[in-house]
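The residues making up each chain are set out below.
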Amino acid sequence: MAVSRSGAAGVAAGGDTTDDADRARLHQLGYKQELKRGLSLMSNFAFSFSIISVMAGVTTTYNGGLRYGGPASMTLGWLVVAAFNGCVALSMAEICSAYPTSGGLYYWSAKLAGKEWAPLASWVTGWFNIVGQWAATTSTDFSLAQLVQVIILLGTGGATGGGYTASKYVVLAIHGFFLVLHGLINSLPIRWLSWCGKLGAFWNTAGAFTLVILIPAVAKERASAKFIFTHFNDDNGMGIHGKAYILALGLLTSQYSLLGYDASAHMIEETKNADWSGPMGIISSVALSTTFGWIFLVALTSIVTDIPYLLSPDNDAGGYAVAQALYAAFDRRYGSGVGGLVCVGVVAVGIFFAGAMCIASNSRMGYAFSRDRAMPLSRVWLRVSKNEVPLNVVWLSVVVAFVMALTSLGSQVAFQAMVSIATLGQYIAYALPIFFRVTTARRSFVPGPFHLGRYGVAVGWAAVLWVAFLTVLFSLPVAYPVAKDNFNYTPVAVGGVLLLSVGAWVVNARFWFQGPITNVDL
């Protein structure tokens, strides 16, 4: 693998020379500098690392991992996902270095698909990306609302002790409250948002490190290493008995936990030394999240000794496995589960920071997409406030995330489609420009300062094939016999995005959308 450190952005390590080089490179790509370029490499990394938030991803999908395959599917499955996800991240970083713009994925597709297919490729990639991001914000803040409800439930006596169980309307209200807070945070100048991102990165690192040490130390009953790495749970109560099928479904925990690192690309027009810092933000956030996430996952699984009880809706946490395991571990050791509640609270704060950074990434993607006139009412969403923040699209992201969560009032199963769109929608958007990089642009691609050399095409194909596998896998039934209460809405949700985007293209957009447009003379 070849990695070079040359190019326009590398003229200087900082100061006006670097800013001028970044501005000049952006101008070459067709855009004028409108956002304040105040982020360092560390800040850029922090946005992606905070969004990935492995504490959040592992905690909120742990029930599914226990049900489908159990400890073995999660601990070993994580390593499989990490290897292929690393290929996706490396390929994205290589393309990001060549095209450092906030549009990110849809801009890359336009430049790599070839002149004939550029508009359609850009259009479809952009809509998968932004809808996937909206769904990610929805699922992140709704997961936070659910976790807060579990903390309240356990703090008031638990499900078996008459604790308070919030209605679906209260949970939705909590979700809306956090969305508004995140909107307010993202309305601040970039220096404050940068500080928030760094705090989120610190919290996720320190929190995970603390819990990894604390959880096994407190637990009186700990699982053996054999159980953690080899125990396979096929007693899922979902009518699925094929071990390979169960194991594959269990990969969702790992895949959802390693998502959102395109934020480094979307924040790149506010990042100094962009064509190097952006790729490094992607790679470092994925590498560290993969490492910390696996260690955190193993630590959590070390206190799993009774899978059916942890998944039972009749336990104190109402079936929320991670909260129940932590609460029970402290209760057995100290006669009180308060310490477990504190641990769950640490995770909740990590999810809070992830939600704030999701809005940041949403808004920059929406701003860039509007700049290229792809969004309805684009002139409204591309406006930048006096603080050099795309304020209107920040609040658009808040509203859309709340509207998406309204599906929870009808069916929790339907709401799970939000997680599916967040995962598959974004990964499809990740894979499309990589696919064009290894096909139509295989010989014409001009790399930036970070590149993979002769390994670029092989790594790219591994990434594309992995996403294709995921798309099929997560569209399969998750229970038999299939009924309205267990129907997998993933193919409906993802297929709906594809149908609507292509339909809009055929009916209307093909007549006016030509892909990214220049605004340097506007």
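Reading guide: rules and limits
Residues numbered from 1 in each chain as written. Predicted model: local features only at pLDDT ≥ 70, side-chain atom pairs only at ≥ 80, totals over all residues. Heavy atoms only, no water. UniProt positions renumbered as here; feature names shortened; annotations may be inferred. Helix = DSSP H or I, 4+ residues; strand = E, 2+ residues; numbered from the N terminus. Expected span 1.5 Å × (residues − 1). Buried < 20%, exposed > 50% of the residue type's maximum accessible area, 1.4 Å probe, protein only. Arc of directions from axis to C-beta. Core = buried A, V, L, I, M, F, W, Y, C linked by side-chain atoms within 4.5 Å. Contact = heavy atoms within 4.5 Å. Polar contact = N/O pair within 3.5 Å; in protein donor to acceptor, adjacent residues only side chain to side chain. Axes fitted to C-alpha atoms, helices over the stretch in contact; angles between N-to-C directions. Left-handed = near helix turned anticlockwise from the far one by under 90°. Nonpolar A, V, L, I, M, F, W, Y, C, P; charged D, E, K, R; others polar. pLDDT = per-residue confidence, 0-100. Parallel < 35°, antiparallel > 145°, perpendicular 65-115°, else oblique. Patch = residues over 30% accessible without salt bridge, like charges linked within 9 Å, V, L, I, M, F, W, Y side chains within 5 Å. Areas by Shrake-Rupley, 256 points an atom, 1.4 Å probe, with all protein chains shown as cover. Salt bridge = Lys/Arg side-chain N within 4 Å of Asp/Glu carboxyl O. Disulfide = S-S within 2.5 Å. Phe/Tyr/Trp six-rings, centres within 6.5 Å; stacked < 30°, edge-to-face > 60°.

Taking an unreviewed UniProt entry as the reference, the protein is identified by name as Putative amino acid permease belonging to Triticum aestivum. As recorded by UniProt, the Sequence similarities (unreviewed entry) comment attached to the protein reads in full: "Belongs to the amino acid-polyamine-organocation (APC) superfamily. Amino acid/choline transporter (ACT) (TC 2.A.3.4) family."

Some remarks on helix α21 (residues 490–507)
Relative to the 26 Å expected for 18 residues at 1.5 Å per residue, α21 spans 25 Å between its end C-alpha atoms, a close match to the ideal helical length. Those residues of α21 not exposed but buried are T490, A493, V494, V497, S501 and W505. Looking down the long axis of α21, one finds its buried residues gathered within 105° of arc, a one-sided arrangement. Every exposed residue of α21 that faces more than 90 degrees away from the buried side is listed here: L499, L500 and V507.

Regarding the nonpolar core
Taken as a class, soluble globular proteins show a tendency for nonpolar side chains to be buried jointly. Ranked by internal contacts, the top residues of the largest apolar core, which has 155 residues, are Y62, L66, V88, Y99, W108, W134 and Y261. For W134, the contacting residues outside a window of four places in its chain are W127, N362, M375, L396, S397, V400, A401 and M404. Counting 6 residues, the second-largest nonpolar core is a separate cluster that includes L179, I359, V389 and V394.

Comments concerning the side chain of T137
In this fold, T137 is placed in helix α6 (residues 118–155). In terms of polar contacts, T137 uses its side chain to reach the side chain of N362, at 2.6 Å. Once you skip the residues sitting within four places of it in the chain, T137 turns out to touch L179, C358, I359, N362 and A401.

Observations concerning the packing of helix α3 (residues 54–67) against helix α16 (residues 338–371)
Axes are the key here: two packed helices are described by the angle between their axes and the distance separating the axes. α16 packs onto α3 with a crossing angle of 115° between their chain directions and a minimal axis gap of 8 Å. When the axes of α3 and α16 are compared, the crossing they make is left-handed. Residues M55, A56, T59 and T60 of α3 pack against V346, V347, G350 and I351 of α16. Looking at the contact of α3 with α16, its residues break down into 5 nonpolar, 3 polar and no charged.

Let's talk about the confidence of the model for the protein
Summary statistics for the protein give a mean pLDDT of 87 and a share of 94% for residues scoring 70 or more. Mean pLDDT values over the elements of the protein span from 76, in helix α1 (residues 15–28), up to 95, in helix α7 (residues 168–185). A low-confidence stretch, residues 1–15 (pLDDT under 50), is modelled with 34 contacts involving residues beyond four sequence positions or located in other chains.

Some words on the packing of helix α2 (residues 41–52) against helix α13 (residues 274–301)
One can describe the packing of α2 onto α13 by two numbers: an axis separation of 8 Å at closest approach and a directional angle of 40°. As summarised for this structure, α2 and α13 are arranged oblique, according to the angle between their axes. Like other packed secondary-structure pairs, α2 and α13 cross with a definite hand, here right-handed. Facing L41, N44, F45, S48, F49 and I52 of α2, the residues of α13 in contact are S277, G278, M280, G281, S284, S285, V286, L288, S289 and F292. Of the residues belonging to the contact of α2 with α13, the class tally is 8 nonpolar, 8 polar and no charged.

Section: the environment of R25
Here R25 shows up in helix α1. It is 8.9 Å that separates the C-alpha atoms of R25 and Y99, two residues lying 74 residues apart in sequence. The contact partners of R25, leaving out residues within four places of it in the chain, are A98 and P100.

Observations regarding a nonpolar patch on the surface
On the surface, a cluster of nonpolar side chains totalling about 320 Å² of accessible area is made up of V399, F402, V403 and L406. Mapped onto the elements, L406 comes out in the loop between α18 (391–405) and α19 (412–438).

Re the pattern of salt bridges
Per the stated rule, a full pass over the model turns up 3 salt bridges. A salt bridge links E94 to R437, with the shortest nitrogen-to-oxygen separation between them at 3.3 Å. Here E94, found in helix α4 (residues 71–98), pairs with R437, found in helix α19; they are 343 residues apart in sequence, far enough to count as distant. Each member of the pair, E94 together with R437, is buried.

Some points on the state of the cysteines
Per the counting criterion, the structure on display carries 0 disulfides. C196 takes part in no disulfide bond, and the closest cysteine sulfur, belonging to C358, lies 12 Å away. Overall, the relative accessible area of 6% leaves C196 in the buried class.

Some details on the side chain of S97
Within the secondary structure, S97 is located in helix α4. A relative accessible area of 2% means that S97 is categorised as buried. Polar contacts involving the side chain of S97 include one to the main-chain carbonyl oxygen of D275, which spans 2.8 Å. Within polar-contact distance, the side chain of S97 engages the backbone nitrogen of F450 at 3.0 Å. Among residues more than four places away in sequence, those in contact with S97 are D275, P279, G448, P449 and F450.

Quick look at the packing of aromatic side chains
Tallying each qualifying case throughout the model produces 23 aromatic pairs. Here the aromatic rings of W466 and F469 are separated by 5.5 Å at their centres, their planes lie at 35°, and the arrangement is tilted. With W466 and F469 both in helix α20 (residues 456–473) and 3 residues apart, this pair spans about one turn of that helix. We classify F469 as partly exposed; its relative accessible area is 37%. An aromatic cluster of at least three residues, connected via ring pairs, comprises Y106, W123, W127, F369, W505, W512 and F513.

Examining helix α15 (residues 321–334)
Taking 1.5 Å of rise per residue, 14 residues should cover 20 Å, and α15 covers 20 Å from first to last C-alpha, within 8% of that figure. Residues of α15 that are buried include every one of A321, V322, A323, Q324, A325, L326, Y327, A328, A329 and F330, and no others. Buried-residue contacts for α15 involve α3, α6, α8 (190–218), α13, α14 (307–311) and α16.

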